[in-house]
Amino acid sequence: MAAKIWKKVGFFILIIACIFNIMFKLVNKLPFLDELKTSAQYVLNKENAEKK
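Attention in this report is confined to the structure presented alongside it. (Residues numbered from 1 in each chain as written. Predicted model: local features only at pLDDT ≥ 70, side-chain atom pairs only at ≥ 80, totals over all residues. Heavy atoms only, no water.)

## Here we look at the overall build of the protein chain
Here's step 1: From N to C terminus, the protein chain includes two helices and zero strands.
Here's step 2: For 52 residues, the compact-globule formula gives about 10 Å, and the C-alpha radius of gyration of the protein chain, at 22 Å, lies well above that figure.
Here's step 3: Here the C-alpha coordinates of the protein chain stretch approximately 70 × 20 × 10 Å along the principal axes.
Here's step 4: Classification of the 52 residues of the protein chain by burial places 0% in the buried group.
Here's step 5: Just so you have it, the protein chain exposes about 5400 Å², and 72% of that area is on carbon and sulfur atoms.
Here's step 6: Of the side-chain charges in the protein chain, 9 are positive and 4 negative, and the distance between the mean point of each set is 18 Å. (Helix = DSSP H or I, 4+ residues; strand = E, 2+ residues; numbered from the N terminus. Rg over C-alpha atoms; globule rule 2.2 N^0.38 Å. Buried < 20%, exposed > 50% of the residue type's maximum accessible area, 1.4 Å probe, protein only. Areas by Shrake-Rupley, 256 points an atom, 1.4 Å probe, with all protein chains shown as cover. Lys, Arg positive; Asp, Glu negative; His and termini not counted. Charge placed at Lys NZ, Arg CZ, Asp CG, Glu CD.)

Right, dumping it as structure tokens:
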């Protein structure tokens with residue numbers, strides 16, 4: 001009897017933790033344009049370092 005209750009409680013906690021994890025990743029994600037700028041800057045710096 002108690003195992004069924006704890007199983008439901010554990011499932012509920014797991015679902016809530018997954019929802020918070022997904023929401024945290026969505027909120028703190030860099031905008032796509034900033035990501036492109038950062039990637040382009042990295043490539044340019046690497047090319048300049050190889051030329052020198």
